[in-house]
Amino acid sequence: MATASSIYNKGRIMKMVVENIEKKFDAEEVIKDFEALTKDAGRIQEETLQRILEENGGTEYLKQWGLNGRTDVEIFKACIPIVTHKELEPYIQRIADGDLSPILTGKPIKTISLSSGTTQGKPKFVPFNDELMESTMQIFQTSFAFRNREFPIGNGKALQFIYSSKQFKTKGGLAAGTATTNVYRNAQFKKTMRAMSTPCSSPDEVIFGPDFQQSLYCHLLCGLIFRNEVQVVSSTFAHSIVRAFRTFEQVWEALVVDIREGVLSSRVTVPSIRSAVSKLLKPDPEMADTIYNKCANLSNWYGLIPELFPNTKYIYGIMTGSMEPYLKKLRHYAGELPLLSADYGSSEGWVGVNVNPKLAPEMVTYAVLPNIGYFEFLPLGEILDGMEQVNSPVDLTEVKIDEEYEIIFTNFAGLYRYRLGDVVKIRGFHNGTPELQFICRRNLLLSINIDKNTEKDLQLAVEAAAKHLVDEKLEVVDFTSHVNVSADPGHYVIFWELSGEATDEMLQDCCNCLDKSFVDAGYVSSRKVSAIGALELRIVKLGTFHKILDHFVGLGGAVSQFKTPRCVSPKNSSLIQILSSNVVKSYSSTAF
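Residues numbered from 1 in each chain as written. Predicted model: local features only at pLDDT ≥ 70, side-chain atom pairs only at ≥ 80, totals over all residues. Heavy atoms only, no water.

The name an unreviewed UniProt entry gives the protein is Jasmonic acid-amido synthetase JAR1-like, with Anisodus acutangulus as the organism. The UniProt entry for the protein carries the following comment under Sequence similarities (unreviewed entry): "Belongs to the IAA-amido conjugating enzyme family." (UniProt positions renumbered as here; feature names shortened; annotations may be inferred.)

Here it is in structure tokens:
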């Protein structure tokens, strides 16, 4: 039996993971290592922090706080302040601009990750280095090991709807791209996928193509070419899978023609994509007939995925938080196939791994890997507005079940006591490490005065109101919100994109239901005394949220990293302009 000490010897477990990638993947060995790590989570955390501080103790940032090379937990907490990205931004910008001195890390940072930027409208720069890549591979392998134990797959392919944006050079010559792009472009990523027997069904030219729509079309086509080999359908986020099969509904007949004739559609014009996919395409009238008949016989596309890819074992992607609203449509396409939620991370780094893959996405938890960073948890009930902090966070092993916390973490890439902005609930422990359930982003709040409605509150309100559409077989394609404080009193504005036309009467009912479904006491009392004005429901043209995606990609974002912002900041004027210019109907609540 491996012990935590033997695994963690000299703090090199992550290096060990990467170095062993070329060997045959051994799921049970990976699980055994994980079990040993989590049984001694407290000590592993101390050793992880010690290693981070030993490697980076000479940096400008740590020296300025008087750490003076010390590596113990209590001194670290006493010296180093809790910060947000705003406080670290000047240091990161200097690195991006080419300052090679040890600012945040002992070894130079050579790559920058971009956060999604969908909420505030501006991506953040985040340092990315080899240690983060190694922890990514450790997460992928650990997650796959637990997944494969419950849902074993053989040698096959994964239909992955993944898209990589271009890396660019910062002013100082550093490679910059989204976190997903930095991972996809790393040689270790492909080696890991090969070792786990799940190579992507699409060639690299499709993943790295410059045109999202052409890449999506070819992902679908390549999946169909290898339809009997596909064992997993996945994407970074659940909505990318839903978007892919909504697109399939529109282009399936063209895909069938491509397969029948063995000639790629003229809609694919990018030479690199066209050349790579054409090499895979051969005339196959029999397969074309099969796909045509399956599509023609489906009822409203229910069970589309298993019909197209009969050997698929599960659907995989991030399905929590802002992805939950897409689960209903994803289940419709998936039929009886299980939905497995991917692991918990962010542009800044990884947090935990899904070791209970049979849990429904709404219930999924993540076991924190104690060697990928040093974690602290700020009790949610004690967080003060603003930056003044008078309450102390607790360590990884000190959290309490059913309590909510904000995550603070220190990683190997220069983030120290960094507020991730995520609220999690402790659902239990896996050995000595907590299992977290993601609740919401702290800064995604609809709030005018004493009201506080989270992303989850908005989702539940939309789900309740959308029930009024069911009889007409209509659905909410996507939605977002905005607080309008230019009016007096201020009020909530909810934007809906619908799958078809609804009557004014029905939409007025939806609007009233939305208003009534926000049950936060501060909101209800404020509405009753008109301290908050009537909620407004605005219906936007079909395709509006695709325009938001196009805008995001135009700013240099990657489709794989896009998340529809559920609450649009007043600072994000370009997004508000896109939404406002596409409004076709508007309704004000009469519920109060």
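Draft legend 1. Structural view of the overall build of the protein. The number of helices and strands found in the protein is 22 helices and 20 strands. Expressed as a percentage of its 592 residues, the buried residues of the protein come to 59%. Put simply, 72% of the contacts in the protein that link residues at least 6 apart link residues at least 24 apart. As displayed, the protein has an accessible area near 24000 Å², and 51% of this comes from carbon and sulfur atoms. (Helix = DSSP H or I, 4+ residues; strand = E, 2+ residues; numbered from the N terminus. Buried < 20%, exposed > 50% of the residue type's maximum accessible area, 1.4 Å probe, protein only. Contact = heavy atoms within 4.5 Å. Areas by Shrake-Rupley, 256 points an atom, 1.4 Å probe, with all protein chains shown as cover.)

Draft legend 2. How the structure looks around the sheet that holds strand β20 (residues 583-588). Pairing in this open sheet of 4 strands is mixed, and the strands run β17-β18-β19-β20 from one edge to the other. The sheet is open, and its two borders are formed by β17 (476-484) and β20, each paired with just one other strand. Here the strands of the sheet are splayed against their neighbours by 20° on average, with no regard to which way each runs. Bridge count for strand β19 (residues 536-540) against β20 is 5 bridges, and the pairing is antiparallel. (Pairing = 2+ DSSP bridges. Axes fitted to C-alpha atoms, helices over the stretch in contact; angles between N-to-C directions.)

Draft legend 3. Broad picture of the packing of aromatic side chains. Counted according to the given criterion, the structure contains 23 aromatic pairs. Through successive ring pairs, a cluster of aromatic residues spans F161, F245, F248, W252, Y292, W301 and Y333. Over the face of the ring belonging to Y316 we find R147, whose NZ or CZ atom lies 3.9 Å from the ring centre. Directly above the ring of F592 sits K516, whose terminal nitrogen or CZ lies 4.6 Å from the centroid. (Phe/Tyr/Trp six-rings, centres within 6.5 Å; stacked < 30°, edge-to-face > 60°. Lys NZ or Arg CZ within 6 Å of the ring centre and 35° of its normal.)

Draft legend 4. Representation of the pattern of salt bridges. Counted under the stated rule, the structure contains 24 salt bridges. The closest approach of N and O atoms between R419 and E406, which form a salt bridge, is 3.0 Å. With R419 in strand β15 (residues 418-430) and E406 in strand β14 (residues 404-410), this pair connects stretches of sequence that are 13 residues apart. Note that R527 and D515 form a salt bridge whose closest N and O atoms lie 2.6 Å from each other. Of this pair, R527 sits in helix α20 (residues 521-528) while D515 is found in helix α19 (residues 504-517), placing the two residues 12 residues apart along the sequence. For the pair R527 and D515, one class covers both residues: buried. (Salt bridge = Lys/Arg side-chain N within 4 Å of Asp/Glu carboxyl O.)

Draft legend 5. Focus on the environment of V394. Residue position: V394 is located in strand β13 (residues 394-395). A C-alpha to C-alpha distance of 9.4 Å links V394 and Y405, two positions 11 residues apart in sequence.

Draft legend 6. Representation of the side chain of T142 within the structure. Inspection of the secondary structure assignment puts T142 in helix α8 (residues 130-150). A polar side-chain atom of T142 sits 2.8 Å from the main-chain carbonyl oxygen of Q138. Setting aside residues no more than four positions away along its own chain, T142 makes contact with V30, F34 and V353. (Polar contact = N/O pair within 3.5 Å; in protein donor to acceptor, adjacent residues only side chain to side chain.)

Draft legend 7. Representation of the nonpolar core in the model. Within the largest apolar cluster, 144 residues are counted, with the highest numbers of intra-cluster contacts made by V233, F245, F248, I315, F377 and I407. Among the elements that make up this core, the one with the highest residue count is helix α13 (residues 238-261) (11 residues). Listed in part, the 30 residues of the second largest apolar core include A461, A466, L469 and C511. (Core = buried A, V, L, I, M, F, W, Y, C linked by side-chain atoms within 4.5 Å.)

Draft legend 8. Region of interest: helix α15 (residues 285-297). Its 13 residues place the ends of α15 18 Å apart at the C-alpha level, agreeing with the 18 Å of an ideal helix rising 1.5 Å per residue. Residues of α15 that are buried include every one of M287, A288, I291 and C295, and no others. Buried residues in α15, looked at end-on, bunch into an arc of 100°, giving them a common side. More than 90 degrees from the buried face of α15, the exposed residues found are E286 and N297. On the buried face of α15, the contacting elements are α12 (212-225), α13 and α16 (304-308). (Expected span 1.5 Å × (residues − 1). Arc of directions from axis to C-beta.)

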